[in-house]
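Now for the letters of each chain:
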Amino acid sequence: MARRLWPVLVCTLACAWALYAFDWPMVGRALLRFDLRLFLEVCLPVGLLLFLVRSLRWAAVAGIPFTPALLWRTHVQTALALATAAATPVQAGEALKLKFARDLTGKDYASLGGAFAVERLADAAVLFGIGAIGFGLAGASGLWLLAASGLLAVAVALAPFLLRRLAGARLPPRLAAALGPLAQYRPSAARMLVLGGCTVAKWLMVVLMWQTTFAAAGIGLGFADTALVVVLVTLSVTVSLVPGGIGVAEVSTRALLLWLGVEPGLADAGALLLRLLTPLVIGIGLLHGLFLLRGRRAAERG
């Protein structure tokens, strides 16, 4: 019961604080000045490319053959899963990829669960590294974090191979159950390289989309500072378990923008206008869903 109430409580408190603390007249004026053309010119093509990179990453990590037909189906299915993930806690909707990949490859959920876990570990490693660099460039003492992120990235790259060794070792029952999906994962070095490259590209594109949204709102934030905001807001949203990070993302973004020296009114507007990325992601995903529906209807007719 407490677990179910936690997201509701956090969301309610965050929204209440936003209603109280935000300068709403300033937000209204910022909305009128928002450069929608700049937002769409950059975020729409980058968003489409982001979906392509994420589908290629999933194909690599899930062991889906790199054939044009399967890659296209993976791309469409992954896009639909990402649209669902944008509106679910900790992006749980992305688990739809497991079902789609099972239909494509015939693999069991245990091995695909290991692929999904490795994908999440890669995200954590890259986010940690980007955050460390952001702290360092923002003037904080981030050298030790940078070194730690490098070690973490290496550990993540080697983890599947180490787990393969652990799979044949005798482990305590609970530890064996926890490591089960990861221990069953069998990657190739080439696919792990694709995973790493696509993960780095994914988060750099996310940072670019956030920076563009801020720029369209009149906030001149550097790439490193924006990367720091992306990392810390993502962390706060993940911990909160609130679907879509409603309220939590806005309050966290505002606090970080204020810390980075942005004027209070602009920080309020930037935090709210960043929410435009959510319908953009959902819209792109649902558009791909139409291709999926069309393909199924064609298969039924055939």
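Peer 1: A description of a nonpolar patch on the surface should follow, citing residues and the corresponding values.
Peer 2: Taken together, the side chains of Val-200, Leu-204, Leu-208 and Phe-223 present a nonpolar region at the surface, about 290 Å² in accessible area. Counting residues per element, the nonpolar patch draws most heavily on helix H9 (residues 189–216), at three residues. Within the secondary structure, Leu-204 is located in helix H9.

Peer 1: Can you explain the side chain of Arg-191? Please cite residues and give values.
Peer 2: Turning to its location among the elements, Arg-191 is positioned in helix H9. Although Arg-191 is buried, it makes no salt bridge; Glu-119 carries the closest opposite charge, 11 Å away. Beyond its immediate sequence surroundings of up to four residues, Arg-191 is in contact with Ala-59, Ala-60, Gly-63, Ile-64, Pro-65 and Phe-66.

Peer 1: An account of the pattern of salt bridges is needed here, citing residue identities and associated values.
Peer 2: Should their charged atoms come close, side chains of opposite charge can pair. Considering all chains together, one arrives at nine salt bridges under this definition. Two residues, Arg-57 and Asp-123, come together in a salt bridge whose shortest N-O distance is 2.9 Å. In this pair, Arg-57 sits in helix H3 (residues 36–62) while Asp-123 sits in helix H6 (residues 109–137), placing the two residues 66 residues apart along the sequence. Neither Arg-57 nor Asp-123 differs from the other in exposure class; each is buried. The closest approach of N and O atoms between Asp-123 and Arg-120, which form a salt bridge, is 2.8 Å. With Asp-123 and Arg-120 both in helix H6 and three residues apart, the pair spans about one turn of that helix. Asp-123 gets classed as buried once you look at its relative accessible area, which sits at 6%. When its relative accessible area of 27% is taken as the criterion, Arg-120 is described as partly exposed. Overlapping salt bridges, with partners in common, bring together Arg-57, Lys-97, Glu-119, Arg-120, Asp-123 and Lys-202 in one network.

Peer 1: Tell me what's going on with the packing of aromatic side chains, and back it up with residues and numbers.
Peer 2: Scanning the entire structure with this criterion turns up two aromatic pairs. Taken together, a centroid distance of 5.8 Å and an interplanar angle of 55° make the contact between Phe-34 and Phe-39 tilted. By relative accessible area, which is 13% here, Phe-34 ends up buried. When its relative accessible area of 3% is taken as the criterion, Phe-39 is described as buried. With a centroid separation of 6.5 Å and 80° between ring planes, the pair formed by Trp-58 and Phe-116 is classed as edge-to-face. On the criterion of sequence distance, the pair formed by Trp-58 in helix H3 and Phe-116 in helix H6 is long-range, its members being 58 residues apart. Its relative accessible area of 2% is what places Trp-58 among the buried residues.

Peer 1: I'd like to hear about the packing of H3 against helix H4 (residues 68–85), residue by residue, with values.
Peer 2: Running from N to C, H3 and H4 cross one another at 115°; their axes reach a closest spacing of 9 Å. Viewed along their axes, H3 and H4 adopt a mutual orientation that is roughly perpendicular. Taken as a pair, H3 and H4 cross one another with a handedness that is right-handed. Contacts between H3 and H4 involve Phe-51, Leu-52, Arg-54, Ser-55, Trp-58 and Ala-59 from the first element and Leu-71, Thr-74, His-75, Thr-78, Ala-79 and Leu-82 from the second. Each residue belonging to the contact of H3 with H4 can be placed in one class, and the counts come to seven nonpolar, four polar and one charged.

Peer 1: A description of the nonpolar core should follow, citing residues and the corresponding values.
Peer 2: Grouped together as the largest cluster of nonpolar side chains are 52 residues, with contacts concentrated most on Trp-210, Phe-214 and Leu-277. Counting residues per element, this core draws most heavily on H9, which supplies nine residues. Sequence-distant contacts of Leu-277, defined by excluding residues within four places in its chain, comprise Phe-39, Cys-43, Met-209, Trp-210 and Thr-213. One finds Ala-62, Ala-115, Phe-116 and Val-118 within the second-largest nonpolar core, a separate group that totals 15 residues.

Quick notes on the rules
Residues numbered from 1 in each chain as written. Predicted model: local features only at pLDDT ≥ 70, side-chain atom pairs only at ≥ 80, totals over all residues. Heavy atoms only, no water. Patch = residues over 30% accessible without salt bridge, like charges linked within 9 Å, V, L, I, M, F, W, Y side chains within 5 Å. Areas by Shrake-Rupley, 256 points an atom, 1.4 Å probe, with all protein chains shown as cover. Salt bridge = Lys/Arg side-chain N within 4 Å of Asp/Glu carboxyl O. Helix = DSSP H or I, 4+ residues; strand = E, 2+ residues; numbered from the N terminus. Buried < 20%, exposed > 50% of the residue type's maximum accessible area, 1.4 Å probe, protein only. Lys, Arg positive; Asp, Glu negative; His and termini not counted. Contact = heavy atoms within 4.5 Å. Phe/Tyr/Trp six-rings, centres within 6.5 Å; stacked < 30°, edge-to-face > 60°. Axes fitted to C-alpha atoms, helices over the stretch in contact; angles between N-to-C directions. Parallel < 35°, antiparallel > 145°, perpendicular 65-115°, else oblique. Left-handed = near helix turned anticlockwise from the far one by under 90°. Nonpolar A, V, L, I, M, F, W, Y, C, P; charged D, E, K, R; others polar. Core = buried A, V, L, I, M, F, W, Y, C linked by side-chain atoms within 4.5 Å.

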